[in-house]
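Examination of the molecular architecture
Given next are the chains, with one letter for each unit.
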Amino acid sequence: MSQLYNAFTLFLSLLVEAIPFLLLGVLLSSALLFFVDERQLISKMPRNPLLGSFVGSCVGFLFPVCECGNVPVARRLLTQGAPTSVAIGFLLAAPTINPIVIWATWVAFRDQPEIVVFRIIFSLFIATTIGWIFSFQKDPRPLMQTELAKRVINRLTASSNRDSENTPALLRSGTFLLAKSGTPVLMEEQALAATLTKNKPKTFDRNKLRLFLDTVIQEVRELGGMLVLGSAIAASIQVLAPRELILNWGQDPITSILAMMVLAAVVSICSTVDAFFVLAFSSAFTTGSLLAFLVFGPMIDIKAIGLMLSIFKPRIIIYLFAIAAQLTFVLTLSYSYFF
Amino acid sequence: MKKQFIDLYAIDRAAIIAILTLSLITILLILGGWFCWGDRCLIETGPKVREFSWQDRIVNAEDTAFVLKFNRPMSRESVENNLKITITERPEAEDPLPGKISWAGRRMAYTLDFPAPYGNNYRVELQRATEKFQGSDHPGKTLQPFTAEFKTPDRVFAYIGLEGKERGRLILYNFTQQEKISLTPPHLVITEFEPYPDGKSILFGAADRQVTKDGFLEQQLYRVTTGLYGGDKEIAGQIDLVLDNKEYQILKFDLSADGSMLVVQRVKREEPKDAGLWVIRDDNAPLALNNPPGGVFLIAPDNQTIASAQGEGIALLSTQPDAEPLGFFAQFGMVLAFTPDGTSAVMVDFNRNNPDLLYTRSLYLVNNQGREEKIFDTKGSILNCQFDAVGDRLYCLLTNLIEDVNYVEQPYIATIDLDSKKVIPLTTLPQYQDTHLSLSPDTVGLLFDQTIVDPQLTEENILRTNSGETIATGTIWLLIPPTSLDEMDTAPQLEELPFIGFNPKWLP
């Protein structure tokens, strides 16, 4: 019974920690949709796969969200037609490569600045590499869940219509949009229209605000559900496989890295505070394994897998997980051996 | 099956290739540690020392501890048992640097019991230590052998020469290299000097040899390079003027413990009433402190306070201009020395207000909270005291009053244990005419001088004792006290050094 209580407490603590960031991410992603001309933004994204994934990895500096907040933004980037490399780079690196997380890591590991430096370097390297690997897939739709892929299709269709007619005024027809508000497919269209109107003389548009709120609510509903599910799974695993058990696996440089990676995935702690969490293990573990925790945790954890399932097909998540895990292992073990 | 393969998207192919490639690299990394030839492996997988804080450094008496940083959690026992420190030239010397070990995570600190003796090269070796992870009961991989070296500075002291061409010049003698050089030019006669804490230069007061009238009052302050401690030997003896005496005559000066501040007592030539302390920070222009006039003074190690004899007490003055005095010890007449950490000082109470102890002097240890602790009373004089590097022992120049036909004061050098307050005489001296004491930074040797005055030598205007008599000649002595008070049965070694001079001072 006490295990159930523990699981519930852990579940709640994970939720309480994550929900503000999820909300922030949703607000940011919705704001991105309505207040930024995504056509301009996306047209400025580099098309070169390596450069694209690197730029995507660094965008986190503009959106200081942790691993729950980056999912909505990455989702939005993908549905708006950003190159896959940019969206994947952002998804993997944004939780680490942002000012809040870097500062928190620095505060925690002031006496070991190499941890801060290598956390940034490894995260950027891994996110850029995986972004580059994903850039081989030019059409993002096969990666995505069917529902989400449809939105992309609609967006693409709308975009082609727009291009052929080259008359954005047509899309500014208010009555048409209002009549269809509330259904996700058309909301994208409305959003697009709202952005397009933004280029015209600025007036306060009540419709636009409503659309913004509608989008926020819809995203919170979709992603919130996944977060609850992910947190529940993470809490159950933590109760069934306590931290001590995982930590005891660490008996040499290799197993200590593996143990820390498993711990990172299981505890699902937010990247803004994970440095303080792992500080407690700094005397008993190698710097390499601490780095493994700090690099791998923000990319992949059980709670975030739930959220990712709202974007990607399971097979794609397995690829992400496997390549991120392998790269983390190779980089941090090399660090343990050669530094 | 074939159809399925065709259905694979580009991402599937790219991801599978990436996963396979990374698996191969992972296997190579893991197996790399297994391919070994003799001592060498394809990949060295053992733990190693990441940082040794004294690596290839010159370590002086202020360095009390070194830190070894490992890249893995270590078996503390195996590290402590296998850590070996030796003197490179005398590997047979057992445990030359005893100390205490403490741990903080993967860092080990080794705190020396006493400063590392000077003039040696040391080697730190660690082999056969093993890693130990929290979850593991058995020792892990063996440390990659670690060897590092550090050294202590040469034993060097400076003195004012008294013989032939050396007379009045600053002479530097390197005990370790057995080299002697004159640092200052023949035309300058040194009055007083103080080495900077890095030992790379020496501050000195000197007057021109041709000065006839005012003698030492014509001194100016200079700085001379020693060419030691990483400095180039070639640049030894380069002089620059720190403070001239055009407007003000320089009476006394003191250099702060960190060398960043200099306090000078000056008097205006045109207006002799305008006398007082001036502070010079980092070679900036002197600032008048505008304190009431006083006598002998010392800068406390915190650089905030000056202890100055004023009237019949000791005033604590601020080193900031125009500040109010920080305190006044009416009871004490003299401050002799501060502990190295600056928290306490030894002061002399002349017992003027205590009829029971009239003509008795008392030595007190006074801390910065104002707590006074009497160390001992004597009928003789307390002339000079110095703390050892740790601050728990004092070396003092004292006198005994021999109440014979005449009252005669017999000078002697004693060591005082501040815990037990035990005064242990080390040697008696024939005379105490302005005897100067200098304890080596590693506390191994005590230098002192014995000067001989000659009232007939009237042409000498500068090299005079405090009582104004001309110093004719002088000898320099080295006293090596026993290392521990328990060994006081073994007589201290006393040696007359083959130098004619006075005021010997060890360099830091």
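Residues numbered from 1 in each chain as written. Chains lettered and ligands numbered in written order. Predicted model: local features only at pLDDT ≥ 70, side-chain atom pairs only at ≥ 80, totals over all residues.

Side note on the overall build of chain B
Across its full length, chain B holds 3 helices and 36 strands. At 30 Å, chain B has a C-alpha radius of gyration far larger than the 23 Å of a compact globule built from 508 residues. Seen along its three principal axes, the alpha-carbon backbone of chain B occupies a region of about 120 × 55 × 50 Å. (Helix = DSSP H or I, 4+ residues; strand = E, 2+ residues; numbered from the N terminus. Rg over C-alpha atoms; globule rule 2.2 N^0.38 Å.)

A closer look at the overall build of chain A
When its secondary structure is counted, chain A shows 18 helices and 0 strands. Looking at chain A residue by residue over its 339 residues, the buried ones come to 49%. (Buried ≥ 20, exposed ≤ 12 C-beta atoms within 10 Å, placed from the backbone.)

Examining the interface of chain A and chain B
Tallying the contact residues gives 32 residues for chain A and 27 residues for chain B. Only α7 (113-134), α13 (243-248), α14 (253-267) and α18 (314-338) of chain A provide two or more residues apiece to the side of chain A that touches chain B. Of the residues forming the side of chain A that touches chain B, the biggest block, 11 residues, is contributed by α18 of chain A. Residue composition of the side of chain A that touches chain B, grouped by class: 19 nonpolar, 12 polar and 1 charged. (Contact = placed C-beta atoms within 7 Å. Nonpolar A, V, L, I, M, F, W, Y, C, P; charged D, E, K, R; others polar.)

Section: the sheet that holds strand β9 (residues 146-151) of chain B
The strands that make up a sheet pair up through hydrogen bonds in the backbone, lying either parallel or antiparallel. Residue and element names in this part refer to chain B. Taking strand neighbours across the sheet as the criterion, the 3 strands line up as β5-β8-β9 in an open arrangement whose pairing is antiparallel. Looking along the sheet, the strands with just one partner apiece sit at the ends: β5 (83-87) and β9. Here the average twist between neighbouring strands, direction ignored, is 20 degrees. Here strand β8 (residues 121-126) runs beside β9; their pairing, made up of 6 bridges, is antiparallel. The partner of leucine 126 across the bridge, within β9, is phenylalanine 146. (Pairing = 2+ DSSP bridges. Axes fitted to C-alpha atoms, helices over the stretch in contact; angles between N-to-C directions.)

With respect to the sheet that holds strand β14 (residues 201-208) of chain B
Residue and element names in this part refer to chain B. Strand order across the open sheet formed by 4 strands is β13-β14-β15-β16, with antiparallel pairing between neighbours. Each edge of the open sheet carries a strand with a single partner, namely β13 (188-195) and β16 (239-243). Pairwise comparison of adjacent strand axes, ignoring direction, gives a mean angle of 35 degrees for this sheet. With 4 bridges connecting them, strand β15 (residues 220-225) and β16 associate as antiparallel partners. Its bridge partner being in β16, tyrosine 222 is matched across the sheet by leucine 241.

Some thoughts on the pairing of β14 of chain B
The buried count for β14 of chain B comes to 7 of 8 residues, which makes it a mostly enclosed element. Once β13 of chain B ends, the chain turns through 5 residues before running back antiparallel as β14 of chain B, passing glycine 199 of chain B with a positive phi of about 75 degrees.

What to know about the confidence of the model for chain B
All names here are of chain B. Per-chain confidence: chain B averages 86 in pLDDT, with 94% of residues scoring 70 or above. Note on residues 1-6: pLDDT is under 50 here. Beyond four places in sequence and across chains, it has 0 contacts. Predicted complex metrics record ipTM = 0.77 and pTM = 0.74. (pLDDT = per-residue confidence, 0-100.)

Re the packing of helix α5 (residues 84-93) of chain A against α7 of chain A
All names here are of chain A. Between α5 and α7, whose axes approach to 8 Å, the crossing angle comes to 150 degrees. Considering their axes alone, α5 and α7 lie roughly antiparallel with respect to each other. When you trace α5 past α7, the crossing you get is right-handed. Every residue of α7 that contacts α5 at Thr84, Ser85, Ile88, Gly89, Leu92 and Ala93 is listed here: Ser123, Leu124, Ile126, Ala127, Thr128, Ile130, Gly131, Trp132 and Phe134. (Parallel < 35°, antiparallel > 145°, perpendicular 65-115°, else oblique. Left-handed = near helix turned anticlockwise from the far one by under 90°.)

Brief notes about the packing of helix α16 (residues 287-299) of chain A against α18 of chain A
Residue and element names in this part refer to chain A. Where α16 meets α18, the axes come as close as 9 Å, and the angle between the chain directions of the two elements is 160 degrees. Between α16 and α18, the crossing angle belongs to the class labelled roughly antiparallel. The interaxial crossing formed by α16 with α18 has right-handed handedness. Here α16 contributes Gly288, Ser289, Leu291, Ala292, Val295, Phe296 and Met299 to the contact with α18, which in turn contributes Ala324, Ala325, Thr328, Thr332, Leu333, Tyr335 and Ser336. Within the contact of α16 with α18, the residues separate by chemical class into 9 nonpolar, 5 polar and no charged.

Here's the deal with the pairing of strand β32 (residues 422-428) of chain B
All names here are of chain B. Sheet analysis places strand β31 (residues 407-417) next to β32, joined by 6 bridges and oriented antiparallel. The residue of β32 that forms the bridge with tyrosine 412 is threonine 428. Between the end of β31 and the start of β32, which pair antiparallel, lie 4 residues, with lysine 421 showing a positive phi angle near 60 degrees.

Looking at unusual backbone geometry
Residues and elements named next belong to chain B. Of note, aspartate 95 is a non-glycine position whose phi angle comes to about 45 degrees, a positive value. The residue aspartate 95 is located in the loop between β5 and β6 (99-104) in this model. In this structure aspartate 95 comes out as exposed when scored by C-beta crowding, with 9 C-beta atoms within 10 Å. Backbone geometry places aspartate 322, a non-glycine residue, at a positive phi of 60 degrees.

Things to note about the confidence of the model for chain A
Looking at chain A as a whole, its pLDDT mean stands at 77, while 80% of the residues score no less than 70. Considering only residues more than four positions removed or in separate chains, one finds that residues 162-202 of chain A, a stretch of pLDDT under 50, has 46 contacts.

Side note on the environment of phenylalanine 114 of chain B
Residues and elements named next belong to chain B. Structurally, phenylalanine 114 can be placed in the loop between β7 (107-112) and β8. Here phenylalanine 114 falls in the partly exposed class, since 18 other C-beta atoms lie within 10 Å of it. Each C-alpha atom of the pair phenylalanine 114 and phenylalanine 157 lies 20 Å from the other, and the pair is 43 residues apart in sequence. Once residues within four sequence positions are removed from consideration, phenylalanine 114 is found in contact with Ala389, Val390 and Thr443.

Digging into the nonpolar core
As a rule of thumb, nonpolar side chains are buried together in soluble globular proteins. Within the largest apolar cluster, 95 residues are counted, with the highest numbers of intra-cluster contacts made by Phe90, Ile130, Met260, Phe296 and Ala324 of chain A. Dropping the residues within four chain positions of it, phenylalanine 296 of chain A is found in contact with Met261, Ala264, Ala324, Ala325 and Thr328 of chain A. Membership of the second largest hydrophobic core comes to 79 residues, among which are Trp278, Leu446, Leu447 and Ile471 of chain B. (Core = buried A, V, L, I, M, F, W, Y, C linked by C-beta atoms within 7 Å.)

Quick look at helix α2 (residues 10-32) of chain B
Spanning 23 residues, α2 of chain B covers 33 Å between terminal C-alpha atoms, matching the ideal 33 Å at 1.5 Å per step. Elements in contact with the buried residues of α2 of chain B: α7 and α18 of chain A. (Expected span 1.5 Å × (residues − 1).)

Some points on the environment of leucine 277 of chain B
All names here are of chain B. Turning to its location among the elements, leucine 277 is positioned in strand β19 (residues 275-281). Leucine 277 gets classed as buried once you count the C-beta atoms within 10 Å, which come to 27. Taking the C-alpha atoms as reference points, leucine 277 and valine 263, 14 residues apart in sequence, are found 6.5 Å from one another. Setting aside residues up to four positions removed in sequence, leucine 277 forms contacts with Val263, Gln265, Leu289, Asn291, Phe297 and Ile306.

A word on the environment of isoleucine 120 of chain A
All names here are of chain A. The topology assignment puts isoleucine 120 in helix α7. The spacing of isoleucine 120 and isoleucine 97 is 23 residues in sequence and 6.4 Å in space, taken between C-alpha atoms. Residues within four places of isoleucine 120 in sequence aside, it is in contact with Ile97 and Ile102.

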